[in-house]
Amino acid sequence: MRDRLRHLHQVQSDSEGLSSVEHDHLSVHEAATASSPPDPYLYGVLQEAQQIRLEIQQIQNEISELKDANYQALNKISHPAETERDSNAIGVAIKHRGEAVLQRLHMMSALRAELEARRGSSDPTERIAQTQYQCLSNALREVMISYNDTEMSHREACKQQIQRQMEVVGREVGEEDLEEMMESGELNVFSTQVEGKTARSAFLQTESRQKEVLELEKRIEGIQELFLDVAVLTEEQGGAVENIQKSVQNTEVIIQDAVVQLDRATTFDKSNPFKKLFCCCSFDHCKIL
Amino acid sequence: AGGSAGCSSFSAGCPSPSAFFVLSVKKDGEWKVLIVDHMSMRILSSCCKMSDILAEGVTIVEDINKRREPISSLEAIYLISPVEKSVHALINDFKDAAFTYKAAHIFFTDTCPDGLFTEIGRARVAKVIKTLKEINVAFLPYEAQVFSLDDPNSLYSFYSSKPNKDKDKMIENLAEQIATLCDTLKEYPAIRYRKGPEDNARLADEVYQRLTAHKADNPSMGEGADKARSQLLIVDRGFDPISPILHELTFQAMAYDLLDIKQDIYTYQTTGIGNSNDREVLLDEDDELWVQLRHMHIADVTKKVTELLRTFCESKRMCTDNANLKDLSQMLKKMPQYQKELSMYSTHLHLAEACMKTFKGSLDKLCEVEQDLAMGANAEGEPLKDAMKSIVPVLLNNEIGAYEKIRIILLYIFHKKRGIGEENLAKLIQHANIQADSNIITNLQNLGCNIIAGQTLPERRERTESTYQLSRWAPIIKDVMENAIEDKLDRKQWPFICDPAPINTTQTAVSARFGHWHKNKSPTEYRSGPRLIIFVIGGVSQSEMRSAYEVTRATDGKWEVLIGSSHILTPTSFLNDLKSLDQVPNPDC
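None of these values were measured; they are calculated from a predicted model.

(A) View of the overall build of chain A. Secondary structure assignment for chain A yields 11 helices and 1 strand. When its helices and strands are written in sequence order, chain A yields β-α-α-α-α-α-α-α-α-α-α-α. For chain A, with 289 residues in total, the buried portion stands at 39%. Entry remark: accessible area of chain A is about 16600 Å², with carbon and sulfur atoms responsible for 53%.

In structure tokens:
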């Protein structure tokens, strides 16, 4: 990587003395003010996008909190400290926040559609809204996947502990059988055989874990609709949405064709007087555009 | 969030997104516009995803050559090639009273020539330029071990029947691009070329000069004891005309040959969660399953995907007896949180099925004939006695397309070491009824292939590895790769530009700052072993790309083989390229 800014400044100061330099009637400041006023929608879109981004980040933070809460529940039978939320509370918070983000994304999509209807699909604000919307939809999906993964990891950890505790009381259970037991809720099957302190402790642990798994599955069930909505959202956008080339080439084709035609005329047939005329006209036409 | 995981692109050379937008450019809360031209857009697109560049503070990507509306409240990053068209467009953005953007940060993909640089310095835009850098990445990292220079017209530029007056300039540009590749990889390889065609030597020489210039600016290129063994080989397309036209049965090569895959996007009909619609999937290295499957034989692909899908379903306790395509949409509705994985399995099941469907039509017989011709022997190893007998039914078959017939005819011609003779060629063309496309065959002579009088292709290495009957052929470049690595590559046929430098005994610590911006990997994964880089003039075939990976694997990681060209061929695109060689340049290109 070569930095040539200093070199540029040299060229600038060298050429300041020469008469061939474009005479700059307008200062940079004037040029800035001469430009069209900034689009209020643009500011609004970018602000909203940033807010949504922060909300998604907040969901990620809550997933971390959930990880801790799950871990604590796994390693102590007693309830977590008063000031900390338990897994269910966090789960509810994540669900509500996720649903809120989804709503905001729908609104952003509607705004984009309105901009497109009013200004056409080559309008920069519309396209910026599109880019942000697609990226944020993806981000929401990623964060929901992360939530699912976190809960599934915890479920697996609980299952393993149940398996270990059952071994402690001399009852070895295979994976498949354990799954069946957990699903049917018949883990108290061996409670009648429980005797002695160790066995009792194992029984309590297992009961706790089983309860957690049930609560976890309830949480997942409760958020299923959100998963579905997010999946529909990303499916609608199509798989190649992340592709930069597609994003660049999707801008209005009609204008592009016109520009390409002009390019062709300019580059490939400079000698043709008829086309020379066309070039001049089209260049002026370009300026008007 | 939303960033791509996995081993995307060039194992060692792909610049990460942040490499493009060095430190000072990203400011919190300040979004920027990114402006690209065609080449830089292609480079960027092969390295980064939209979410990557959004994470770098870019909110929209514009084509510099399209009419753009001003976004005067935002600053612009120009990632462009240092060519007249792009530089003039840049200057034009700041020519009028109202500036198109608030300021400009310029990143050139390569060294900006003095003339253009001065133009910028003298224009009004200079007053609002906050950054001006040259990043020296003028190539596309297409895959971990495959690069492209994104010039599909290259075959024409080198081998057209009409003399190319811009050829010198073109070779210089090409050499510069290859030099930036070595620069990015921190390699200073010994350059060799295949003796024969003049252009091979010319290009090799020019690359050497550019490489040396780059090393003067970046002395860490080629540092490290092992690096002294790195080699760069320049070879012409005509040296192996068989590999680009053979029907391959490995997943990637087969899919690109038989199906309509444009810009690496595969489109198919499916019922997802919603209604039935077109799904577009990008086949690149972010798709972990694609990376796993792409070089596998098609017979193994469906088996593998089904097995993986079954394992996946079991692990998620999704009960399904027959994990097939129809069930997938049901699974998707029941467990939408696994949309990504399920879509991936669905895509590859569809892709494999589409390949097999097209293959079962008429191709199975064709492939048998092709392999026999290419190998000069049948599957049992018995030399081919009457090749003509096996190709005539193909040529007379009206259901077989013109291009398929041409591929067979060409393989027949190459099989005949003593050439085919004008009369016989005319007869074949007539039998096949391909007069309209017959120039494809004759144009091959522009590549140095002697159609009429015949030629001998290089002697082949003996291969003991077991192969499917219809996949016996190994690209000739594979032999070259293995020979080069074993230091057995004949110096008379593959001369060095200059004698290889003596092994440097002083080891210098390699700075992790330069060049090794692994996308998601730590600097400790810098590759210290030697590399073999192959550049094919005129296009590289998918089977040759596969060879690079196979040979690398066989060295147990001691060597890394990279291969690339101006563009990546499919048999159809190669035949189209050949067809154009005797025609006037198309102004639409």
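After that view of the structure, there is still more to cover.
(B) Examining the packing of helix α4 (residues 87–119) of chain A against helix α7 (residues 196–222) of chain A more closely. Residues and elements named next belong to chain A. Where α4 contacts α7, the two axes come as close as 10 Å, and the packing angle between them is 10 degrees. As judged from the angle between their axes, α4 and α7 are roughly parallel. Together, Ser 87, Asn 88, Gly 91 and Lys 95 of α4 and Glu 215, Arg 219 and Gly 222 of α7 make up the contact between the two elements. A per-class count over the contact of α4 with α7 returns no nonpolar, 4 polar and 3 charged.

(C) Up close: empty space enclosed by the protein. All names here are of chain B. Using the criterion set out here, one finds 4 cavities of 30 Å³ or more in the structure. By volume, the second largest cavity is sized at about 80 Å³. Residue lining of the second largest cavity: 14 residues in total, with Leu 246, Glu 248, Ala 253, Gln 542 and Pro 571 positioned closest to the centre. Elements supplying a minimum of two residues to the lining of the second largest cavity: α9 (251–258) and α19 (542–554). Broken down by element, the lining of the second largest cavity gets its largest block of residues, 3 residues, from α9.

(D) A look at the packing of helix α5 (residues 124–168) of chain A against helix α6 (residues 175–184) of chain A. Residues and elements named next belong to chain A. Direction vectors running N to C along α5 and α6 enclose 105 degrees, while the axes themselves pass 11 Å from each other. Relative to α6, the element α5 lies roughly perpendicular. Here α5 contributes Arg 155, Lys 159, Ile 162, Gln 163 and Met 166 to the contact with α6, which in turn contributes Glu 175, Leu 178, Glu 179, Met 181 and Met 182. Split into classes, the residues belonging to the contact of α5 with α6 amount to 5 nonpolar, 1 polar and 4 charged.

(E) Here's a closer look at unusual backbone geometry. Residue and element names in this part refer to chain B. At Asn 136, a residue that is not glycine, the phi angle is positive and equals roughly 55 degrees. The exposure class of Asn 136 is buried, given its relative accessible area of 12%. In this structure, Lys 186 takes a positive phi of about 60 degrees despite not being glycine. Among the secondary structure elements, Lys 186 is positioned in the loop between α7 (167–185) and β8 (190–193). Taking relative accessible area as the criterion, Lys 186 reaches 1% and is therefore assigned buried.

(F) Quick look at the packing of aromatic side chains. All names here are of chain B. Evaluated as defined, the whole model comprises 10 aromatic pairs over all chains. An angle of 90 degrees between the planes, with centres 6.0 Å apart, marks the rings of Phe 239 and Trp 494 as edge-to-face. Placement of Phe 239 in the loop between β9 (231–236) and α9 and of Trp 494 in the loop between α18 (476–485) and β12 (531–537) is noted, with a sequence separation of 255 residues between them. For Phe 239, a relative accessible area of 7% puts it in the buried group. Aromatic rings pair up to connect Tyr 78, Phe 94, Phe 99 and Tyr 101 into one cluster. The aromatic ring of Tyr 188 is capped on one face by Lys 215, whose charged end is 5.1 Å from the ring centroid. Over the ring of Trp 473 we find Arg 460, and its NZ or CZ is 4.9 Å from the ring centre.

(G) Fine view of the pairing of β9(B). All names here are of chain B. Buried residues dominate β9, accounting for 6 of its 6 residues. Along β9, one buried face is formed by Gln 231, Leu 233 and Val 235 and the opposite face, lined by Leu 232, Ile 234 and Asp 236, is buried too. Note: β8 against β9, 4 bridges, orientation parallel. Note that in β9 the partner of Tyr 193 across the bridge is Ile 234.

Cut-off values and rules
Residues numbered from 1 in each chain as written. Chains lettered and ligands numbered in written order. Predicted model: local features only at pLDDT ≥ 70, side-chain atom pairs only at ≥ 80, totals over all residues. Heavy atoms only, no water. Helix = DSSP H or I, 4+ residues; strand = E, 2+ residues; numbered from the N terminus. Buried < 20%, exposed > 50% of the residue type's maximum accessible area, 1.4 Å probe, protein only. Areas by Shrake-Rupley, 256 points an atom, 1.4 Å probe, with all protein chains shown as cover. Axes fitted to C-alpha atoms, helices over the stretch in contact; angles between N-to-C directions. Parallel < 35°, antiparallel > 145°, perpendicular 65-115°, else oblique. Contact = heavy atoms within 4.5 Å. Nonpolar A, V, L, I, M, F, W, Y, C, P; charged D, E, K, R; others polar. 1 Å grid on protein atoms, 1.4 Å probe; cavity = no way out; pocket = protein on both sides within 12 Å on 5 of 7 lines; lining within 4 Å. Points joined across faces, edges and corners; volume = space filled by probe spheres on them. Phe/Tyr/Trp six-rings, centres within 6.5 Å; stacked < 30°, edge-to-face > 60°. Lys NZ or Arg CZ within 6 Å of the ring centre and 35° of its normal. Pairing = 2+ DSSP bridges.

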